[in-house]
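Residue-level structural notes
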Amino acid sequence: MSSLEEPLGLGDLPKLSINRLERCSSSTSYRARADDCNSGKYNNSCNGSTQMVFHANCHPWHLQCRNASSPCDAELRDLPRKVLSGLPRFVNIVEVGPRDGLQNEKGNVPTSVKIQLIHKLVAAGLSVVEATSFVSPKWVPQLADAKDVLSGIPQVPNVRFPVLTPNLRGFEAAVAAGAKEIAVFASASESFSKANINCTIEESLVRYRDVTAAAKKHGLRIRGYVSCVVGCPVEGAIHPSKVAYVAKELYNMGCSEISLGDPIGVGTPGSVVPMLQAIMSFVPVDKIAVHFHDTYGQALANILVSLQMGISTVDSSVSGLGGCPYAKGATGNVATEDVVYMLHGLGIETNVDLNKLMEAGDYISKHLGRPLGSKTATALRKLTT
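Residues numbered from 1 in each chain as written. Predicted model: local features only at pLDDT ≥ 70, side-chain atom pairs only at ≥ 80, totals over all residues. Heavy atoms only, no water.

**Quick look at the overall build of the protein chain**
Helices and strands together make up the secondary structure of the protein chain, namely 14 helices and 14 strands. In the protein chain, buried positions account for 50% of the 385 residues. Restricting to contacts in the protein chain with at least 6 residues of sequence separation, those with at least 24 account for 72%. Here the protein chain has roughly 17,700 Å² of accessible surface; of this, 53% comes from carbon and sulfur atoms. (Helix = DSSP H or I, 4+ residues; strand = E, 2+ residues; numbered from the N terminus. Buried < 20%, exposed > 50% of the residue type's maximum accessible area, 1.4 Å probe, protein only. Contact = heavy atoms within 4.5 Å. Areas by Shrake-Rupley, 256 points an atom, 1.4 Å probe, with all protein chains shown as cover.)

**Some thoughts on the pairing of strand β4 (residues 92-95)**
Neither face of β4 is open: one carries Asn92 and Val94, the other Ile93 and Glu95, and all of them are buried. Of the strand pairs in this sheet, β4 and strand β14 (residues 313-316) are connected by four bridges, and their pairing is parallel. By the bridge assignment for β14, Val94 is matched with Asp315. (Pairing = 2+ DSSP bridges.)

**A look at the environment of Tyr296**
If you trace the backbone, Tyr296 turns up in the loop between β13 (288-292) and α11 (299-308). Classification of Tyr296 by relative accessible area gives partly exposed; the value is 45%. Residues Tyr296 and Gly265, 31 residues apart in the sequence, show an inter-C-alpha distance of 6.1 Å.

**Quick word on the packing of helix α8 (residues 201-217) against helix α9 (residues 240-252)**
It is at 10 Å that the axes of α8 and α9 come closest, and there the two elements cross at 15 degrees. In terms of their interaxial angle, α8 and α9 are classed as roughly parallel. The interaxial crossing formed by α8 with α9 has right-handed handedness. Of the residues in α9, those in contact with Ile201, Glu202, Leu205, Tyr208 and Arg209 of α8 are Tyr245, Val246, Glu249 and Leu250. (Axes fitted to C-alpha atoms, helices over the stretch in contact; angles between N-to-C directions. Parallel < 35°, antiparallel > 145°, perpendicular 65-115°, else oblique. Left-handed = near helix turned anticlockwise from the far one by under 90°.)

**Digging into the environment of Tyr363**
Mapped onto the fold, Tyr363 is located in helix α13 (residues 354-368). Classification of Tyr363 by relative accessible area gives partly exposed; the value is 24%. Setting aside residues up to four positions removed in sequence, Tyr363 forms contacts with Ser112, Val113, Gln116, Leu117 and Lys120.

**Notes on the packing of aromatic side chains**
For any two aromatic rings, the description comes down to two numbers: the centre-to-centre distance and the angle of the planes. Within this structure, the stated rule accounts for one aromatic pair. Seen in terms of ring centroids, Phe185 and Tyr225 are 6.5 Å apart; in terms of plane orientation they differ by 40 degrees. Their pairing is tilted. Pair noted here: Phe185 is in strand β8 (residues 181-187) and Tyr225 is in strand β9 (residues 221-227), with a separation of 40 residues, a long-range link. Just above the ring of Tyr225 sits the side chain of Arg99; from NZ or CZ to the centre is 5.8 Å. Taking the ring centre of Tyr363 as reference, the NZ or CZ of Lys120 above it sits at 5.4 Å. (Phe/Tyr/Trp six-rings, centres within 6.5 Å; stacked < 30°, edge-to-face > 60°. Lys NZ or Arg CZ within 6 Å of the ring centre and 35° of its normal.)

**Some points on the pattern of salt bridges**
Applying the stated criterion across every chain, the model contains 11 salt bridges. In this structure, Arg99 engages Asp100 in a salt bridge whose closest nitrogen and oxygen atoms are separated by 3.6 Å. Of the residues examined, Asp100 reaches a relative accessible area of 8% and is grouped as buried. Notably, a salt bridge pairs Lys114 with Asp145, separated by 2.8 Å at the nearest N-O pair. With Lys114 in helix α4 (residues 111-123) and Asp145 in the loop between β6 (132-133) and α5 (146-151), this pair connects stretches of sequence that are 31 residues apart. Take Asp145: its relative accessible area is 12%, and that puts it in the buried class. (Salt bridge = Lys/Arg side-chain N within 4 Å of Asp/Glu carboxyl O.)

**Details of helix α12 (residues 336-345)**
Extensive coverage of α12 is indicated by the burial of seven of its 10 residues. Of all the residues in α12, the buried ones are Thr336, Glu337, Asp338, Val339, Val340, Met342 and Leu343. Contacts made by the buried residues of α12 are with β4, α11, β14, α13 and α14 (375-384). Remark: Gly347 follows α12 within two positions and exhibits a positive phi of approximately 80 degrees.

**Focus: the nonpolar core**
In this structure, Val226, Leu250 and Leu260 are the most contacted members of the largest nonpolar core, which totals 101 residues. Non-local contacts of Leu260, meaning those with residues more than four positions away in its chain, are made with Val226, Val229, Val243, Met275, Leu276, Ile279, Ile288, Ala289, Val290 and His291. (Core = buried A, V, L, I, M, F, W, Y, C linked by side-chain atoms within 4.5 Å.)

**Comments concerning the environment of Val283**
Relative to the elements of secondary structure, Val283 occurs in the loop between α10 (269-279) and β13. The class of Val283 is buried, set by a relative accessible area of 1%. On a C-alpha basis, the gap between Val283 and Leu250 in space is 9.6 Å, while along the polypeptide they are 33 residues apart. The residues touching Val283, leaving out its near neighbours within four places in the chain, are Ala247, Lys248, Tyr251, Ile258 and Ile288.

**A few points about the packing of α13 against α14**
For the pair α13 and α14, interaxial distance at closest approach is 11 Å and the crossing angle is 100 degrees. As the angle between them shows, α13 and α14 are arranged roughly perpendicular. The segment α13 lies against α14, with Leu354, Asn355, Met358, Glu359 and Asp362 engaging Thr376, Ala377, Leu380 and Arg381. Among the residues forming the contact of α13 with α14, the class breakdown is four nonpolar, two polar and three charged. (Nonpolar A, V, L, I, M, F, W, Y, C, P; charged D, E, K, R; others polar.)

The structure is reproduced here in structure tokens:
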């Protein structure tokens, strides 16, 4: 059995401090009456002043209290923060579906469809949408229309459209097309680096120093990606020190944000925690993002523990688009719909409209001729159809 067939790094998790509520804790506090169950409205008996209602026109499992000023209600809303310490008030979601998702499709998606998808994602409230990649069409024919996609997106105030530029040639093409933000991509695994970008880790860093230097001259924002942060399909588990080295180099060369990616989805909270701890020794926590694939169903758990450690930027892909061509069986990114549903359930703001987001997921899934890749969207669609 290879090392990737077992959970990685089952280390100690941060201790969770559970504060017991002094009120609303009796066995009868939230017992629903039979007639209320039939009507779809559930009353609690918290001082007799608060009624919890499952609204038919919203997502039915999100509790909403009519008396928002009730002390009991305030404690209920704050309970996740007491149990799950360190959660941020707001999480910025970086949507990577149009680039990281669609680049893995076997067939080419029409340019007009890509542009319309981006329009829908922005309309849903996403403020950062990775638009495309200026890479050789020989290697990624799915993104050969990068110039047309970028020029077809109207500039929207307070919305960013980063593009991946793997080398100076790609950077120059991106600038000519009007890019305002670029991203570079490195790996913590030598084997993956050679397979994915055809060079060693050190060679890639030399290349990116030239790209970032040019970007700074043009006043462009730079995002850095580190791949294989917990595991590699060839090398197995990756030591946190290797990830920290690459992240530190990217940060020092001018990347304003470092996104830490698990493209084969083998990470668990037990392997993510020590990896993040290592990175935080060199990169400020507010400059770190996480990027998890959901091959083993661990993405949301990994995101949650990352939030507990202070991370407040999360990459995700609408309808779970994406994959990893170098890892057999690797599935797509965590679905943006699932991330938003979890964050909203925790009382964390995102500025994303889940209904509009699901419309974007419906749109691209129907075009690709496949089922929805989001468990949240699938479940909610069953409730409304």
